[in-house]
Amino acid sequence: MGAGKTTLVQKLAVELHSNARVTSPTYTLIHEYPTPTGPLVHIDAFRLSKIETLFLFGLDNYLEHSRLVVVEWGKGLLDTYPDAGWVDLSFTGSHRTAYLRK
């Protein structure tokens with residue numbers, strides 16, 4: 001919590017030329033933001049009891065038709081999508097770190 005997940009998505013939206021106001025999808029689970037090359041989809045899986053629930057919400061459809069899909073708390077998807085990029089964010093005191101893993 002507080003590691004910068006939504007801030008990262010805000011920066012991604014800017015880089016993808018979206019003018020949308022990016023907010024945390026904690027309570028709505030999924031937000032879509034328009035970009036010139038397709039939507040940026042921001043999903044928060046923290047409140048899901050099973051990561052597989054995302055498939056019921058149409059994760060495959062989002063992956064097929066979106067410019068980029070970001071899933072917070074989505075580590076459980078790595079077995080299904082082993083080629084997915086993984087960003088590990090952490091927050092300790094006033095220090096934030098981000099590690100890109102592939």
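Since the model is a prediction, treat every value here as computed from it, not as a measurement.

Details of helix α1 (residues 5-15)
Given 3.6 residues to a turn, an α-helix orients residues that are three or four positions apart in the same direction. Here α1 has its buried residues at Lys5, Thr6, Val9 and Ala13. Looking straight down α1, one finds its buried side chains confined to an arc of 90°; they lie on one side. In α1, the exposed positions angled more than 90 degrees off the buried face are occupied by Lys11, Val14 and Glu15. In this structure, the buried residues of α1 make contact with β2 (40-44), β3 (68-72) and β4 (86-92). Residue His17 follows α1 closely and has a positive phi angle near 65°.

Digging into the nonpolar core
Membership of the largest hydrophobic core is limited to eleven residues, which are Leu29, Val41, Ile43, Ala45, Leu48, Ile51, Leu54, Leu59, Tyr62, Val69 and Leu77. Listed by contribution, the elements that provide at least two residues to this core are β2 and α3 (59-65). Excluding anything up to four places from it in sequence, Val69 contacts Val41, Ile43, Leu59, Tyr62 and Leu63. Counting seven residues, the second-largest nonpolar core is a separate cluster that includes Val9, Leu16, Leu40 and Val70.

What counts and how
Residues numbered from 1 in each chain as written. Predicted model: local features only at pLDDT ≥ 70, side-chain atom pairs only at ≥ 80, totals over all residues. Heavy atoms only, no water. Buried < 20%, exposed > 50% of the residue type's maximum accessible area, 1.4 Å probe, protein only. Helix = DSSP H or I, 4+ residues; strand = E, 2+ residues; numbered from the N terminus. Arc of directions from axis to C-beta. Contact = heavy atoms within 4.5 Å. Core = buried A, V, L, I, M, F, W, Y, C linked by side-chain atoms within 4.5 Å.

By themselves these figures say nothing about function.
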